[in-house]
Amino acid sequence: MTTFLGDEEIRRLAAEHGTPLLVLDCETVRRQVRLLRAALPKVDFYYAVKALPHPAVLRTMQQQGVGFDLASSGEIEQVRRFYVNPRNTIHTHPIKKRNDIRDSLRFGCTTFVVDNRDELSKFVEFRHRVGLLLRVSFPNPDATVDLSRKFGCAPAETLDLLRVARQLGLHVKGLSFHVGSQSRTASMHAHAVHECARIIREYNRDGDTPLSTLDIGGGFPVDYCGTMPDIDAFCAPIREALTSLGGDIHVIAEPGRYLVAPAAISITSVMGKARRCDRPWYYLDDGVYGAYSGRIFDHANYPIRSLRPGPAVSSVLAGPTCDSIDIVHDDIALPALEIGDLVIGEMMGAYTISTSTEFNSLERCRVVVLHEDLTSDSVAHIA
Ligand SMILES: Cc1ncc(COP(=O)(O)O)c(C=O)c1O
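Residues numbered from 1 in each chain as written. Predicted model: local features only at pLDDT ≥ 70, side-chain atom pairs only at ≥ 80, totals over all residues. Heavy atoms only, no water.

1. Quick word on the nonpolar core
Put simply, the test is: The term nonpolar core refers to a set of buried residues drawn from Ala, Val, Leu, Ile, Met, Phe, Trp, Tyr and Cys, joined through side-chain atoms within 4.5 Å. Three exposure classes are used, based on accessible area relative to the maximum for each residue type with a 1.4 Å probe and protein chains only: buried under 20%, partly exposed in between, and exposed over 50%. The secondary structure listing takes helices from DSSP runs of H or I that are at least 4 residues long and strands from runs of E that are at least 2 residues long, numbered from the N terminus. Residue ranges for the domains trace back to a domain assignment, done automatically or taken from a database. In what follows, a contact means two residues having at least one pair of non-hydrogen atoms within 4.5 Å.
Tyr 47, Met 61, Leu 175, Ile 216 and Phe 220 are the most contacted members of the largest nonpolar core, which totals 102 residues. At 9 residues, helix 8 (residues 187-206) tops the list of elements feeding residues into this core. No fewer than three residues from each of domain 1 (26-261) and domain 2 (262-370) sit in this core. Setting aside residues up to four positions removed in sequence, Tyr 47 forms contacts with Leu 52, Val 57, Leu 58, Met 61, Val 66, Gly 67, Phe 68, Asp 69, Pro 255, Gly 256, Leu 259 and Val 260.

2. Side note on the packing of helix 2 (residues 26-39) against helix 9 (residues 231-242)
The cut-off we apply is this: Structural elements are reduced to axes, namely lines fitted to C-alpha atoms, with helices fitted over the stretch in contact, and the angle between N-to-C directions of any two is expressed from 0 to 180 degrees. Helix crossings get a hand from a simple test, with the near helix turned counterclockwise from the far one by less than a right angle marking a left-handed crossing and a clockwise turn marking a right-handed one. Here the term charged refers only to Asp, Glu, Lys and Arg, the term nonpolar to Ala, Val, Leu, Ile, Met, Phe, Trp, Tyr, Cys and Pro, and the term polar to all other amino acids, Gly among them.
Packing of helix 2 against helix 9 leaves a shortest axis separation of 9 Å and a crossing angle of 35°. Considering only the axes of helix 2 and helix 9, their crossing is right-handed. Here helix 2 contributes Leu 35, Leu 36, Ala 38 and Ala 39 to the contact with helix 9, which in turn contributes Ile 231, Asp 232, Cys 235 and Arg 239. Taken together, the residues of the contact of helix 2 with helix 9 break down into 6 nonpolar, no polar and 2 charged.

3. Description of empty space enclosed by the protein
How we decide: Here the term cavity refers to a set of points on a 1 Å grid, laid over the protein atoms alone, in which a 1.4 Å probe fits but cannot get out; the term pocket refers to an open set having protein on both sides within 12 Å along at least five of seven lines, with lining residues being those that place an atom within 4 Å of a point. Grid points are joined across faces, edges and corners, and a volume is the space filled by probe spheres set on the points.
This structure, assessed with the given rule, holds 1 cavity of 30 Å³ or more. Within this model, the largest cavity holds a volume of roughly 30 Å³. What lines the largest cavity is Thr 92, Val 113, Arg 135, Ser 176, Phe 177, His 178, Asp 215 and Glu 254. Across the lining of the largest cavity, the residue classes break down as 2 nonpolar, 3 polar and 3 charged.

4. Some thoughts on the layout of surface pockets
Estimated volume of the largest pocket: approximately 700 Å³. What lines the largest pocket is a set of 29 residues, and nearest its centre among them are Lys 50, Val 145, Leu 147, Phe 151 and Tyr 351. Its residues placed into classes, the lining of the largest pocket shows 11 nonpolar, 9 polar and 9 charged. Residues lining the lining of the largest pocket come from more than one domain, with at least three contributed by each of domain 1 (26-261) and domain 2 (262-370). As a volume, the second largest pocket reaches approximately 370 Å³. Residue assignment for the lining of the second largest pocket shows that the elements contributing at least two residues are strand 2 (44-48), strand 4 (89-91) and strand 11 (250-253). Residue composition of the lining of the second largest pocket, by class: 12 nonpolar, 9 polar and 4 charged.

5. Side note on the packing of helix 7 (residues 155-167) against helix 8
Running from N to C, helix 7 and helix 8 cross one another at 35°; their axes reach a closest spacing of 10 Å. Between helix 7 and helix 8 lies a crossing of right-handed hand. Mapping the contact onto sequence places Pro 155, Thr 158, Leu 159, Leu 162, Arg 163 and Arg 166 in helix 7 and Glu 195, Ile 199, Glu 202, Tyr 203 and Asp 206 in helix 8. When its residues are assigned to classes, the contact of helix 7 with helix 8 shows 5 nonpolar, 1 polar and 5 charged.

6. Remarks on the site of the ligand
The cut-off we apply is this: In these notes, residues near a molecule or strand are those with any non-hydrogen atom within 4 Å of it. In protein, a polar contact requires one atom able to donate a hydrogen and another able to accept it; more generally it is a pair of N or O atoms within 3.5 Å, and residues adjacent in sequence count only if both atoms are side-chain atoms. The accessible surface values rely on the Shrake-Rupley method and a 1.4 Å probe; as for residues, cover is taken only from the protein chains in view.
Surveying the vicinity of the ligand reveals 15 residues, the closest of which are His 178, Ser 181, Glu 254, Gly 256 and Tyr 351. Within the side chain of Glu 254, one N or O atom sits 2.5 Å away from a nitrogen atom of the ligand. A distance of 2.6 Å is found between an oxygen atom of the ligand and a side-chain nitrogen or oxygen belonging to Tyr 351. Burial of the ligand by the surrounding chains reaches 91%, relative to a free accessible area of 390 Å². Its residues assigned to classes, the shell around the ligand comprises 4 nonpolar, 6 polar and 5 charged.

7. Re the pairing of strand 12 (residues 264-276)
Basically, it comes down to this: Any two strands with at least two DSSP-identified bridges between them are counted as paired.
Strand direction decides the pairing type here: strand 1 (residues 21-25) and strand 12, joined by 4 bridges, are antiparallel. Residue pairing across strands places Leu 21 opposite Ile 267, the latter belonging to strand 12. Where strand 12 and strand 17 (residues 342-345) come together, 4 bridges link them in antiparallel fashion. If you follow Thr 268 over to strand 17, its bridge partner there is Val 343. Sheet topology places strand 12 next to strand 13 (residues 279-284); 6 bridges connect them, and they run antiparallel. Along strand 13, the bridge assignment pairs Gly 272 with Tyr 283. The antiparallel hairpin formed by strand 12 and strand 13 contains 2 residues in its connecting segment, where Cys 277 sits at a positive phi of about 50°.

8. A closer look at the pairing of strand 1
Taken across its 5 residues, strand 1 has 5 buried, putting it largely inside the fold. Residues Leu 21, Val 23 and Asp 25 line one face of strand 1 and the alternating positions Leu 22 and Leu 24 line the opposite face, and both faces are buried. One ladder, built from 5 bridges, connects strand 1 with strand 18 (residues 366-370); its direction is parallel. Looking at the pairing, Leu 21 lines up with Arg 366 of strand 18.

Written out as structure tokens, the structure reads:
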């Protein structure tokens, strides 16, 4: 659960800036980086910018010596502003337009993820300038957002694709996988590491350019409802599995959610209320077309509370648009609220404002940043 703001401070920020508001705490981002590094000590991180591309987050990651996982030309432009060393970036979208490749190379990012023959062919004209990671698919019932239906080649296809790449004169640096976001266990991470270690060993036995990198993706979970193990316990099977890789394999990861989810809270106000089917409905000034978009796209169940004490009854929280899908929660225990009361969404840093819209011409929430380090000499130098 997010702990970086007390209720008095929440009230003060809402009074000062108005609502809807997203409060983003860079100290929490730094703490999440520290915790994940401690849990996976031999792994280099590339922050998945898509989770929360806010400039304060990008600056903080850069200061912490975290690299960047980019998936579009727009994301390249976001990090370019921070004079990020392109050698500390990877382009991880498995399906790209030719212009995406060109934009990335112009920026200086030369590592790309691919997962099929057509995608390999796109790199032939750029073959002297790129290093590729072949993404392998590991469907994962434990993940809230399983990405392996849309991306990745089957493990059984991998060696064939590696040979095709070699025939095309392409340099494949290694393998990658993403077992899906918000994975409840690390079983699939561990299985995927073992499978990739086996494939790498087999390929390297006869390859003249050995595979030297394994990208273990994201999927590191946060605790939305008090049921997840801490990150050190979660990562134990991954640490164990990584010992099956030779020491000469460089291991990297692309965490998004874990690094930013606990670093933001949403502050909304009740702007209207009604009684429907014998239950109280409260209409907030932000909803699923705004910062709560992750309720739909990310299937996320944020901890939500009001600041008012009192006996709680089953209530509905609705968003401000005219659309009926705009329901933030359709069965939440809340005390009787008044118009103007504040409602707080916790753990709302990942896949929230990054997927929000301006539907109904409603403005996006304002973002207030806490504890950002703006001193110019605080940027860590990355090798
Ligand atoms: C290619 C890729 N890398 C990294 C991530 C970040 O994953 P997570 O937020 O689960 O750490 C995603 C999320 O969708 C992704 O698609």
